[in-house]
Amino acid sequence: MMRKILIPTDFSENAMNAIRYAVELFKYERSDFLIMHAYADEVYDHDTTVSRQALEELKVATLKNSDKELSKILDDIQQISPNPRHTYETLSVFGTLVDEANELVDRENIDIVVMGTQGKSNDRALTFGSNTLQVIKYVKCPVLAIPSESSYTQPKNLLLPTDFLLPYKKRELKLLSTLAKSFRSKINFLFVSKYQNLSLRQEDHKQFLEDCLPDLELEFHSVASDDLTMAINKFMIDNPTDLLVMFNSRRSYLEHILYQSTIDKIGLQIKIPFLIMQNLQRY
């Protein structure tokens, strides 16, 4: 099967870093990369858009520049990682990032979106830039966010915090399974709770996880705490971790922190690639 990967870009170094990471991560798989630049905000926010004619002229100029920059990216990829398993398509779209990403995810049946945690602003005080945060919150597709300081290393150790309350979906677990098998990775499940015993529902969900991830090295860790953020940070300090995986679903821990206006005050210190599995209904 061909894996379909969407990579939004704003032509920043952080965005290029995410592209480099993606082509390495999926180098063993037949993959179709769609590299997209959405430029409506560039046009509407520009100082010269004071008349309809100026707007139309700027749209033409911005499209031309976008196509030129996307062509450069293709040249760079061929220099970095020529791979007969990979095909590439570029797309300049006059629209907003979230709207265009959602439309492409549905139309092209995209498996995963890959992007930098930061764009051009590169505000190191923030965990996520505004565009990345919007994609994570509103695009109904797994999202792999790459921090600017992350250079590619094989993801041998994966961390997946869970309360075993989620009804996991086979599509997302298949993506996780494929990644783990490609690199013979170990998946560490981190259960954080004040209560150590699992309910029958939690036991069933844990068993479903094991059934959907056969022939993989799974390790289950249990921490007695009511502070999940602290437990995740401590685990990543104490144990080698190459990729953090979390599910975004209704009433989940991740949904709670993503929908706070002060996301960076919660203290989740993400210095490694972060895979967000969107366990939400696609419309």
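Calculation rules
- Residues numbered from 1 in each chain as written.
- Predicted model: local features only at pLDDT ≥ 70, side-chain atom pairs only at ≥ 80, totals over all residues.
- Heavy atoms only, no water.
- Salt bridge = Lys/Arg side-chain N within 4 Å of Asp/Glu carboxyl O.
- Helix = DSSP H or I, 4+ residues; strand = E, 2+ residues; numbered from the N terminus.
- Buried < 20%, exposed > 50% of the residue type's maximum accessible area, 1.4 Å probe, protein only.
- Core = buried A, V, L, I, M, F, W, Y, C linked by side-chain atoms within 4.5 Å.
- Expected span 1.5 Å × (residues − 1).
- Arc of directions from axis to C-beta.
- Phe/Tyr/Trp six-rings, centres within 6.5 Å; stacked < 30°, edge-to-face > 60°.
- Axes fitted to C-alpha atoms, helices over the stretch in contact; angles between N-to-C directions.
- Parallel < 35°, antiparallel > 145°, perpendicular 65-115°, else oblique.
- Left-handed = near helix turned anticlockwise from the far one by under 90°.
- Contact = heavy atoms within 4.5 Å.
- Nonpolar A, V, L, I, M, F, W, Y, C, P; charged D, E, K, R; others polar.

S.K.: Where do I start with the pattern of salt bridges in this structure?
M.R.: For the coordinates displayed, the defined rule picks out 10 salt bridges. The salt bridge involving Arg 3 is made with Glu 29; its shortest N-O contact spans 2.6 Å. In this pair, Arg 3 is assigned in strand β1 (residues 3–8) and Glu 29 in the loop between α1 (13–25) and β2 (31–38), connecting sequence segments 26 residues apart. A relative accessible area of 12% places Glu 29 in the buried class. Put simply, Arg 107 and Glu 103 hold a salt bridge, and the shortest N to O gap is 2.7 Å. Within this pair, Arg 107 and its partner Glu 103 are both found in helix α4 (residues 97–108), separated by 4 residues, close to a single helical turn. Its relative accessible area of 35% is what places Glu 103 among the partly exposed residues. Ionic contacts of the salt-bridge type, sharing partners, join the residues Lys 4, Glu 103, Arg 107 and Glu 108 into one network.

S.K.: Explanation requested: the nonpolar core in the structure shown.
M.R.: Generally speaking, nonpolar side chains in soluble globular proteins are found buried as a group. Membership of the largest hydrophobic core comes to 43 residues, with the highest contact counts inside it found for Val 114, Leu 144, Leu 176 and Ile 187. With 7 residues, the top contributor of residues to this core is α1. Listed in part, the 31 residues of the second largest apolar core include Ala 38, Leu 97, Leu 104 and Ile 136.

S.K.: Just to check I follow, could you spell out unusual backbone geometry for this structure?
M.R.: Non-glycine residue Asn 109 carries a positive phi angle of around 55°. Note on placement: Asn 109 falls in the loop between α4 and β4 (112–116). A residue is classified by how much of its surface remains accessible, and Asn 109, at 43% relative accessible area, is partly exposed. Phi at Phe 164 is positive, roughly 60°, even though this residue is not glycine. Looking at where Phe 164 falls in the secondary structure, it is placed in the loop between β6 (157–161) and α6 (170–183). Classification of Phe 164 as buried rests on a relative accessible area of 3%.

S.K.: Even after reading the chapter, I still don't get helix α7 (residues 200–212), so can you show me in this structure?
M.R.: Owing to its 3.6 residues per turn, the α-helix aligns residues three or four sequence positions apart on the same side. The end-to-end C-alpha separation of α7 is 18 Å, in line with the 18 Å expected for 13 residues at 1.5 Å each. Taken as a whole, α7 has its buried residues at Gln 202, His 205, Leu 209 and Cys 212. Each buried residue of α7 lies within a common arc of 95° when the element is viewed along its axis, so the set occupies one face. Facing away from the buried side of α7, by more than 90 degrees, are the exposed residues Leu 200, Asp 204 and Asp 211.

S.K.: So what exactly am I meant to see when it comes to the environment of Ala 18 here?
M.R.: Assignment of secondary structure puts Ala 18 in helix α1. Remark: the alpha-carbon pair of Ala 18 and Pro 273, spanning 255 residues in sequence, is separated by 9.5 Å.

S.K.: Would you mind going over the packing of aromatic side chains with me for this structure?
M.R.: Any aromatic ring pair is given by two values, namely how distant the centres are and how the planes are angled relative to each other. Under the counting rule described, the total for this entry stands at 9 aromatic pairs. Here the aromatic rings of Tyr 21 and Tyr 152 are separated by 5.2 Å at their centres, their planes lie at 70°, and the arrangement is edge-to-face. Here Tyr 21, found in helix α1, pairs with Tyr 152, found in the loop between β5 (143–146) and β6; they are 131 residues apart in sequence, far enough to count as distant. For Tyr 21, a relative accessible area of 3% translates into the label buried.

S.K.: Would you take a moment to explain the packing of α1 against helix α3 (residues 52–80) for this structure?
M.R.: Relative orientation and spacing of two packed helices are given, respectively, by the angle between their axes and the distance between those axes. Two numbers describe how α1 lies on α3: the axes approach to 11 Å, and their chain directions differ by 45°. The angle between α1 and α3 places the two elements in the oblique class. In terms of crossing hand, the pair formed by α1 and α3 is right-handed. Along its contact with α1, which presents Met 16, Ile 19, Arg 20 and Val 23, the element α3 presents Ile 73, Asp 76, Ile 77 and Ile 80. Classifying every residue of the contact of α1 with α3 gives 6 nonpolar, no polar and 2 charged.

By themselves, these figures tell us nothing about what the structure is for.
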